[in-house]
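# Understanding the architecture of this molecule
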Amino acid sequence: MDGLPPDAIPEISIIVPARNEEASLGDCLESLTAQTGVAFEIIVVDDASSDRTREIAQSFAKVRVISAGPLPDGWTGKNNAVIAGAKEARAQWLLFTDADTVHLPGSLARALDEVKTEGADLLSYSPGQVAVTFAERAVMPVIFAELAAKYPPQQVREQSPGIVAANGQYLLVRRAAYAAVGGHAAVATEILEDVALARLFRNPSKRVYFRYGGDAVRTRMYRNWPQLREGWTKNLALLFPHPERLAVQSLFLWFLAWSALGVAVYGAASKHFAWIPFAGIWLLPYRRILVAHFSSANNLIAIACGLPMFAYLLLRSKKAHANGRVSWKGRAYRTGAPSGSVPAPMQADKSIPRIENQGLRAKS
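Scope of this entry: the structure provided in the associated data block.

## A short note on helix 11 (residues 283–290)
Taken residue by residue, helix 11 has Pro285, Tyr286 and Ile289 as its buried positions. Taken down its axis, helix 11 places every buried residue within 105° of arc, on the same side. The outward face of helix 11, more than 90 degrees from its buried face, is lined by the exposed residues Leu283, Leu284 and Arg287.

In structure tokens, the structure reads:
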């Protein structure tokens, strides 16, 4: 850990909550243990994993592994885990980062320099997104483009009214400020705990600094369609306050793009070349998706197929929240007034309030 003696106080405590993360945790810890330029400690909080998560974490000699402990009624599993990690942390700066992240060399020291230079109490990066499967490549550019449009990072940094954003995959906080707002314990029942925490920092004495952080950290949030569907079903209705309207807009844009392309192809085939410029309508959604920082190939796939998939996920999320239940990693959480019951083994007894006008979150 950058030459840190066992009894020395680190400058940063890195807290990694992990529940059944055997597919990604090894790469995450390799990238973290290789960081240089700053003294740090790493605490992995095993959240009742049933796979090899704990074994993988324990294979890293410089990583401390603890258990999250019993899940209190109404709390989300991730919040319970990061609270347990924060209690064990020794440093004056705390980095909360997810087990599916990979940190670029030297990024930890640069992040600490950046948060100090900007005079911020909370620095959050939106990681560069890695998309592999068709579903990831189609949907993720659309979602992150819409998030960037609704919650522009520049406006977040300027603390524009009504715009609050943070990404729980990378939260670097000043410990004193974190404690002053109550930390994750103050938002323990929130599904989008990152934005709820950032909202607590929105006061004259504290500052949130948020930006795209592909130069510092990358992540592959979901590895297949079932994971992607469950994760975004949990989050989208909270991220976008009018999911039905956005779903209709997405479907209209998709229909418009394909119709214009069809007209252009017909014009070329019939030598009515005046119709060919209709293909340029594809530039409208393409320009919008560019801000999501995906490859050109992914952007084209997203325009061709991702917009209706995004609309489906929006409506699915709206329905799940209206019914009062969302699920993630084998746990079910109530949202607002539930309709029906949640089976006892899956139940989080207290309601989780809906947060309106949320900012960015990928995975909790």
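## Considering the side chain of serine 107
Secondary-structure assignment places serine 107 in helix 4 (residues 107–117). What makes serine 107 buried here is its relative accessible area of 1%. Within the structure, serine 107 has its side chain in polar contact with the backbone oxygen of alanine 216 (distance 3.3 Å).

## Considerations on the packing of helix 11 against helix 12 (residues 296–323)
Packed helices, taken two at a time, are described by the angle their axes make and the gap between the axes. Their axes nearest at 10 Å, the elements helix 11 and helix 12 cross at an angle of 125°. Judged by the inter-axis angle, helix 11 sits oblique to helix 12. For the pair helix 11 and helix 12, the crossing hand works out as right-handed. Residues Pro285, Tyr286, Ile289 and Leu290 of helix 11 pack against Ser296, Asn299, Leu300, Ala302 and Ile303 of helix 12.

## Side note on the packing of helix 9 (residues 225–239) against helix 12
At a closest axis distance of 7 Å, the pairing of helix 9 and helix 12 adopts a crossing angle of 65°. Considering the relative orientation of helix 9 and helix 12, their crossing is right-handed. The segment helix 9 lies against helix 12, with Trp225, Leu228, Arg229, Trp232, Thr233, Lys234, Asn235, Leu236, Ala237 and Leu238 engaging Met309, Phe310, Tyr312, Leu313, Leu314, Arg316, Ser317, Lys318, Ala320 and His321. Residues of the contact of helix 9 with helix 12, tallied by class, amount to 12 nonpolar, four polar and four charged.

## Things to note about the nonpolar core
Membership of the largest hydrophobic core comes to 46 residues, with the highest contact counts inside it found for Met140, Phe144, Trp232, Leu236, Phe240 and Phe310. Put simply, the parts of the chain that give this core at least two residues each are helix 5 (134–150), helix 9, helix 10 (243–269), helix 11, helix 12 and strand 11 (325–328). Discounting chain neighbours no more than four positions away, the residues touching leucine 236 are Ile143, Phe310, Leu313, Leu314 and Ser317.

The rules we used
- Residues numbered from 1 in each chain as written.
- Predicted model: local features only at pLDDT ≥ 70, side-chain atom pairs only at ≥ 80, totals over all residues.
- Heavy atoms only, no water.
- Buried < 20%, exposed > 50% of the residue type's maximum accessible area, 1.4 Å probe, protein only.
- Helix = DSSP H or I, 4+ residues; strand = E, 2+ residues; numbered from the N terminus.
- Arc of directions from axis to C-beta.
- Polar contact = N/O pair within 3.5 Å; in protein donor to acceptor, adjacent residues only side chain to side chain.
- Axes fitted to C-alpha atoms, helices over the stretch in contact; angles between N-to-C directions.
- Parallel < 35°, antiparallel > 145°, perpendicular 65-115°, else oblique.
- Left-handed = near helix turned anticlockwise from the far one by under 90°.
- Contact = heavy atoms within 4.5 Å.
- Nonpolar A, V, L, I, M, F, W, Y, C, P; charged D, E, K, R; others polar.
- Core = buried A, V, L, I, M, F, W, Y, C linked by side-chain atoms within 4.5 Å.

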